[in-house]
Amino acid sequence: MLLETLDLKTNDVLIYSQNLFNFNDSFKIINKKEKIKRPRRITYFDVCNYVKDPSPKNLIIYRLLTNVNNLDAYSTKYGYFIKINGRIELIYFDPIFAIKDLRHLRFDLDPNHFRFKIQQVGLTSLTRWESEPDFAEVFHFDLKAIEAQNQNDKIYADAIFAFDPDFSDKEYDEYEEINKNQDISSTTVKSKVMSETVTSLNNIAEDKATTHTILSSPSAPDSNKVQDLREEIITLLKQALNIQEDVKGPSQKDNTSGTNKHISDQKELHIDPSKAHNVFDLFKTTIKSEGLSEREKESVILKFGKDI
């Protein structure tokens, strides 16, 4: 994922992730106004706070489409709910979170017949400051298997700061993080349908034979219920990770205060989705293909490999 706040009065930030199934070490934040810009660790839960904050931002996230009708999004463990073009949708910060979530989404289908897509989706904030932010979709395209397996959105941060003399790629390590390399797969209940072995990035491949499979997004909750459901999911995930609700890690102490502080200073924001800048303009030049429009037309259907 990539998150870029847009023209805040306090401090703009850039957040990126590295497609690791790790809630402490995959996400990094860069404060754009620091004298020496260096990435710092930020937790998954802090990233959630930035995403749901109504401040203007650009986002690059991931969408899961499957051949399961009415897939229950309520049972998600590693997904997040946001509003896109006025509709609540289940999204993921990285492809690996979507793959791992298949062990928790409730459906009964033989893995050999399961087909899916993982799309990279570009979003930008819509017009108003509201309790539930709304995003406009700027682009999306299907990831190939090798892209989903190796996706690392750090490349966009590196490109953005490539010519900034005040940027250092060396991570700022301000504290010794507890359970730095924590992987919670051992704390989850394994599904009889989708096991830990099956739901591995290394076990996905492209289905070259399938051409006309109908794929759809998981069924999302009503917009009136999404805030409570989101908090419930976060609480359960923290319990699984043995994280106390009232404990705030050192990497969090100043990260969210800037975005929260300026909200009262703004009444309404007007953003033209067709003029989304910085990250998206850079993205379109970094894609290195005949053009993003061609990628958007390409259909890539994925399946699990033979190790089922």
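Conventions used here
- Every chain is numbered independently, its residues counted from 1 as its sequence is written.
- Given that the model is predicted, a residue must reach a pLDDT of at least 70 before its local features are reported, and side-chain atom pairs must reach 80 or more before they are shown or counted; all residues, however, enter totals for whole chains, interfaces and linings.
- Note that water and hydrogens are dropped before the side-chain values are worked out from all heavy atoms of the structure.
- Only protein chains enter the accessibility calculation, which uses a 1.4 Å probe; a residue whose area is less than 20% of its type maximum is buried, one above 50% is exposed, and one in between is partly exposed.
- Each helix is a run of H or I in the DSSP string that is no shorter than four residues. Each strand is a run of E no shorter than two, and both are numbered from the N terminus.
- Strand pairing is defined by DSSP finding a minimum of two bridges between the two strands.
- By this rule the span expected of a helix is its residue count minus one, scaled by 1.5 Å.
- The criterion used for residue contact is that any of the two residues' heavy atoms lie within 4.5 Å.
- To define a nonpolar core, start from buried Ala, Val, Leu, Ile, Met, Phe, Trp, Tyr and Cys residues and group those joined through side-chain atoms within 4.5 Å.
- Scored from 0 to 100, pLDDT records how confident the predictor is in each individual residue.

Caption draft 1: Focus on the pairing of strand β6 (residues 80-84). With respect to burial, β6 is a largely interior element, five of its five residues being buried. The two faces of β6 match: Tyr80, Ile82 and Ile84 on one face and Phe81 and Lys83 on the other face are all buried. Across five bridges, the pairing between β6 and strand β7 (residues 87-91) is antiparallel. What sits directly across from lysine 83, in β7, is isoleucine 88. Hairpin connection, β6 to β7: the antiparallel pair is bridged by two residues, and asparagine 85 has positive phi, about 55°. Where β6 lies against strand β9 (residues 134-142), two bridges are found, and the strand directions are parallel. Residue pairing in the sheet places lysine 83 in a bridge with aspartate 134 of β9.

Caption draft 2: View of helix α5 (residues 226-240). Here α5 is 15 residues long and its end C-alpha atoms lie 21 Å apart, about the 21 Å a rise of 1.5 Å per residue gives. Every buried residue of α5 is accounted for by Val226, Leu229, Arg230, Ile233, Ile234, Leu237 and Lys238. On its buried face, α5 is in contact with α1 (44-52), β6 and β7. Of the residues flanking the end of α5, it is asparagine 242, one or two places downstream, whose phi is positive at about 60°.

Caption draft 3: The arrangement of the nonpolar core in detail. With 70 residues, the main nonpolar core has Met1, Tyr44 and Phe93 as its most contacted residues. For this core, the element with the highest residue contribution is α1, accounting for six residues. Excluding its chain neighbours within four sequence positions, the residues that come into contact with phenylalanine 93 are Met1, Ser17, Phe27, Tyr44, Val47, Cys48, Val51, Ile61, Tyr62 and Tyr80.

Caption draft 4: Highlighting the confidence of the model for the chain. For the chain, the mean per-residue pLDDT works out to 78, and 73% of the residues sit at or above 70. Looking at the elements of the chain, mean pLDDT is at its lowest for helix α6 (residues 257-261), recorded as 41, and at its highest for β7, recorded as 95. In this model residues 185-192 is a low-confidence stretch, pLDDT under 50, and it forms 12 contacts with partners more than four residues away in sequence or in other chains. Predicted confidence for residues 247-277 stays below pLDDT 50, and this span has 62 contacts to residues more than four positions away or in other chains.

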